[in-house]
Amino acid sequence: MITQFRINHFKSLMMKKPVTLNSGLNLMIGLNSSGKSTFLQAIDFVSALPRFGGYRSWLDKRGWEAKDLACRVKSGARSRSMPLIEFEAVYEEPDDHLPYQWSGAFSVGKGRCESEKLCHGPDQYEPDKDPNMKSFNYEGSFFSIFEPAKIQGFRKLASNCYSLDLLSPQLMRAHVRRRSEAGVGTGGELLGHALLELSESEAEKLADVMRRLHPAYESFDVKKQRGGSVRFSINEKFADGNSQLETEATHISDGLLRLMAIIVSTMRCRGGTLLIDELEDGLNPEVMEPLLNYLAYDAGCQTIVTTHSPILLSYLNDDQAHQAVKLLFKDEAGMSRCVPFFDLP
């Protein structure tokens, strides 16, 4: 999981100070254009850099070009187009009391980090200062092609991040072939495949959590199709104990599909970080309290979510609220700042 994060010159984000993140639920609030969605994109972007081919794949999924990433800073009469994207991130895992501290400066023009530094306890490595590594060609991070012997495990830890910021009900209903992409897919198009890959115990846990959110939920069925796609449906059982209903994915409500995608993603993100933009989108307010409690205490992963709904704050107890809720805003100089909301005077 990621415990501190700072990024500068990524789209509209200009951050002087790092944001401290909890191991459980993190709820980002703020005005429109404060940078909440961009903050999630920035974390997802940085997590893609250490994966082999991750940077190019990340752009392709969004239909973006490299030039879309950098903000163009203007200061008086001078302007500098596409400055380096500077980032700092601290990662921790439960079994290791020493954090990984990673920083770098990413060149949009070159599509790779011009400088990086990785520290893990007393061990540190700066690939740009290693004369034996200067001849390597790579995209994204140098650590996408090489991991120092003394700092093993960083790539897997930093890459264990899943983003649901592009979830689409239409894509979740689509019949597509399995790809190498993990989880439910960028837009949820691999939800059926993710359901197919659940173990029996995971399917039982999904049912248990779904019943807290949608009491009629009973189970799901999933079938492989010719060509490698899958079809899935859900089974519901109603209060009289006799009435049952099977609904194909094509006709499942948008909100129910979104709930399933979120819960399945937490199972695929154990020990990692799950990013959810506008958590309340398409969901009935009645499910928000049990959903927030699940994400805070039972999800088994770190969750960073954004919201425009003030009602969500009322579902958190005092301890949750003080730890989870963070206000993102731009100061008078246009710099992005993030502070604990309930610590404000």
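Before reading on, note that the structure itself is shown above.
Residues numbered from 1 in each chain as written. Predicted model: local features only at pLDDT ≥ 70, side-chain atom pairs only at ≥ 80, totals over all residues. Heavy atoms only, no water.

**Things to note about the sheet that holds strand S4 (residues 25-29)**
For clarity, the cut-off: Whether two strands pair comes down to DSSP finding at least two bridges between them. To qualify as a helix, a DSSP run of H or I must reach at least 4 residues; to qualify as a strand, a run of E must reach at least 2; elements of each kind are numbered from the N terminus. Only the contacting stretch of a helix is used when fitting its axis, a line to C-alpha atoms as for every element, and angles between N-to-C directions run 0 to 180 degrees. When checking whether two residues touch, look at their non-hydrogen atoms; a contact exists if any pair is within 4.5 Å.
Across the sheet, which stays open at both edges, the 6 strands sit in the order S11-S15-S16-S4-S17-S18 with mixed pairing between neighbours. Each having just a single partner strand, strand S11 (161-163) and strand S18 (336-340) make up the two edges of the open sheet. Taken over all neighbouring pairs, the strand axes of this sheet differ in orientation by 20° on average, direction set aside. Sheet analysis places S11 next to strand S15 (residues 273-276), joined by 3 bridges and oriented parallel. By the bridge assignment for S15, Tyr162 is matched with Leu274. Packed on one face of the sheet, helix H1 (residues 36-48) meets S4, S11, S15, strand S16 (302-306) and strand S17 (325-330) and runs near 145° to S16.

**A word on the environment of Gly192**
Structurally, the position occupied by Gly192 is in helix H5 (residues 191-196). For Gly192 and Arg231, which are 39 residues apart along the polypeptide, the C-alpha to C-alpha distance reads 6.5 Å.

**Brief notes about the nonpolar core**
To keep things clear, this is the line we draw: Among buried residues, those of type Ala, Val, Leu, Ile, Met, Phe, Trp, Tyr and Cys that are joined through side-chain atoms within 4.5 Å constitute a nonpolar core. Note on classification: 1.4 Å probe, protein chains only; a residue is buried when its accessible area is under 20% of the maximum for its type, exposed when over 50%, partly exposed between these limits.
With 54 residues, the main nonpolar core has Leu191, Leu195, Leu206, Ile263, Leu279, Leu291 and Leu295 as its most contacted residues. Tallying contributions element by element places helix H7 (residues 254-268) first for this core, with 9 residues. Judged by nonpolar contacts, the second largest core, of 47 residues, contains Ile7, Leu21, Tyr55 and Trp102.

**Points about unusual backbone geometry**
The backbone phi angle of His9 is positive, close to 70°, even though this residue is not glycine. Note on placement: His9 falls in strand S1 (residues 2-10). Since its relative accessible area comes to 12%, His9 is described here as buried. The backbone phi angle of Glu278 is positive, close to 50°, even though this residue is not glycine. Topologically, Glu278 is positioned in the loop between S15 and helix H8 (288-298). Of the residues examined, Glu278 reaches a relative accessible area of 29% and is grouped as partly exposed.

**Remarks on the packing of aromatic side chains**
Quick reminder of the rule: Working definition: a ring pair exists when centres of Phe, Tyr or Trp rings (six-membered ring for Trp) sit within 6.5 Å. Plane angles under 30 degrees give stacked, over 60 give edge-to-face, the rest tilted. Any Lys NZ or Arg CZ found within 6 Å of a ring centre and within 35 degrees of that ring's normal is scored as a charge over the ring.
This model, assessed by the stated rule, comprises 19 aromatic pairs. Feature note: the residues Phe87, Tyr91, Tyr100, Trp102, Tyr125, Tyr138, Phe142, Phe143, Phe146 and Phe154 constitute an aromatic cluster, connected by ring pairs. Its guanidinium or amino end placed over the ring of Trp64, Arg62 lies 5.8 Å from that ring's centre, counting from NZ or CZ. Between the NZ or CZ atom of Arg112 and the centre of the ring of Tyr138, over which it lies, the distance is 4.9 Å.

**Examining the pairing of strand S13 (residues 230-237)**
The element S13 is extensively covered by neighbouring structure, given that 6 of its 8 residues are classed as buried. The pairing of strand S12 (residues 217-224) with S13 spans 7 bridges and is antiparallel. Each bridged residue has a counterpart across the sheet, and for Lys223 the counterpart in S13 is Arg231. Here S12 folds back onto S13, and the loop between the two strands holds 5 residues, one of which, Gly227, carries a positive phi near 90°. Of the pairings in the sheet, the one linking S13 to strand S14 (residues 244-248) comprises 5 bridges and is antiparallel in character. From the neighbouring strand, Lys237 faces S14, where its bridge partner is Gln244. Hairpin connection, S13 to S14: the antiparallel pair is bridged by 6 residues, and Gly241 has positive phi, about 80°.

**Looking at the side chain of Asn8**
Along the chain, Asn8 turns up in strand S1. Given the relative accessible area of 11%, Asn8 is considered buried. Contact partners of Asn8, with chain neighbours within four places excluded, come to Leu13, Met14, Met15, Leu84, Ile85 and Glu86.

**Section: the pattern of salt bridges**
Rules: Every case where a carboxyl oxygen of Asp or Glu lies within 4 Å of a side-chain nitrogen of Lys or Arg is listed as a salt bridge.
Taken as a whole and assessed by the stated rule, the structure comprises 12 salt bridges. Across the salt bridge formed by Glu65 and Lys67, the nearest N and O atoms sit 3.8 Å from each other. Of the charged contacts in the structure, one is a salt bridge between Asp298 and Arg212, with a shortest N-O distance of 3.2 Å. Of this pair, Asp298 sits in helix H8 while Arg212 is found in helix H6 (residues 200-213), placing the two residues 86 residues apart along the sequence. A cluster of three or more residues bridged by salt bridges with shared partners is formed by Asp44, Arg62 and Asp165.

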